[in-house]
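Descriptive structure summary
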Amino acid sequence: PTEWQHAGDSGMRTLWIVFAVMVITSGVFALLSWNVPVSRRLYHVITTLITITAALSYFAMASGQGVSYNCVAVRDHHKHVPDTFHDVCRQVYWARYVDWSITTPLLLLDLCLLAGIDGAHTLMAIAADVIMILSGMFAAFGAEGTAQRWGWYAIGLLAYIFVIWHVALHGSRMVRAKGQGVKRLFTGLALFTLVLWTAYPIVWGVADGARRTTVDTEIMLYAVLDILAKVGFGLWLLFSHRRIPETNVEV
Ligand code: RET
């Protein structure tokens, strides 16, 4: 018998709520940019693009798009019958990976600009980040018991370590030239990012990987993380940017 795992009412309602939150936040970020001269709007533009992208992705998911099933064979745990399997078919919201492959590079760009990381290292961090997200998507659609699932996941984790390495190492070195205020802000935002981002592969491992939670629980966990990592991050960055003139980048 095939077991089907799909979103229920609470999951679908959550998707609509996050869509609304992202739309409202995009409006607020856009309004905030009107109060600053054009030369100081770069963080506003990047950060608004992040929530607009999330809003579009959540609209797709809430209206039933950007999702398909992945069926994997799971071993039955009967004591006396060896090697029997049943299929577990679970929804995979691939729209998330489209969202993340656009928004996580933009979040990194915010952090790299803030620290004053050079272009080459910024690009390497972003490349590793895109590899991380695409690896997660291939893992999500991989077949059980093959290298496709946890092999891709391991590649994704490796790429994630590269991202942390680049941003932490070069960021902490470069930000010193920008003074105490920027240094403190960068350290705070980078640690906030590190904690939140590290929760994603954990949720992925339990929900998408091991399929130990319902799809509704998965939707709610990602909803909380997405709101903190995009809206919380954006509010913190934009309000601090207004307060600390040394955060400015002229481009
Ligand atoms: C995956 C699985 C493969 C290994 C790793 C992952 C990390 C994902 C992250 C996502 C962050 C998303 C954000 C979204 C919106 O704000 C792809 C789950 C390491 C870090 C911040």
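The notes below deal with the structure included here. Because the structure is a prediction, the values reported are computed rather than measured. (Residues numbered from 1 in each chain as written. Predicted model: local features only at pLDDT ≥ 70, side-chain atom pairs only at ≥ 80, totals over all residues. Heavy atoms only, no water.)

Digging into the pattern of salt bridges
Where side chains of opposite charge bring their charged atoms close, a pairing between them can arise. Evaluation of the coordinates by the stated rule reveals four salt bridges. We note a salt bridge from glutamate 218 to arginine 90, for which the minimum N-O separation is 2.6 Å. One end of the pair, glutamate 218, is in helix H7 (residues 215–243); the other, arginine 90, is in strand S3 (residues 85–92), and 128 residues separate them in sequence. Summarising the burial analysis for this pair, glutamate 218 and arginine 90 share the class buried. Between arginine 149 and glutamate 144 there is a salt bridge, with the nearest N and O atoms lying 3.3 Å from each other. (Salt bridge = Lys/Arg side-chain N within 4 Å of Asp/Glu carboxyl O. Helix = DSSP H or I, 4+ residues; strand = E, 2+ residues; numbered from the N terminus. Buried < 20%, exposed > 50% of the residue type's maximum accessible area, 1.4 Å probe, protein only.)

Here we look at the state of the cysteines
As enumerated under the stated definition, the model contains one disulfide in all. Paired by a disulfide, cysteine 71 and cysteine 89 hold their sulfur atoms 2.0 Å apart. Of note, the bridge from cysteine 71 to cysteine 89 carries an S-S torsion of about 110° and is right-handed in sense. Here cysteine 71, found in strand S2 (residues 68–75), pairs with cysteine 89, found in strand S3; they are 18 residues apart in sequence, far enough to count as distant. Residue cysteine 71 is classed as partly exposed on the basis of its relative accessible area, which comes to 39%. When its relative accessible area of 2% is taken as the criterion, cysteine 89 is described as buried. (Disulfide = S-S within 2.5 Å.)

Description of the packing of aromatic side chains
This model, assessed by the stated rule, comprises 13 aromatic pairs. With 5.2 Å between their ring centres and 85° between their planes, tryptophan 4 and tyrosine 69 make a pair best called edge-to-face. You can see tryptophan 4 sitting in strand S1 (residues 3–5) and its partner tyrosine 69 sitting in strand S2, a full 65 residues away along the chain. For tyrosine 69, a relative accessible area of 37% gives the class partly exposed. (Phe/Tyr/Trp six-rings, centres within 6.5 Å; stacked < 30°, edge-to-face > 60°.)

Everything listed here is a matter of coordinates, which is why it stays silent on function.
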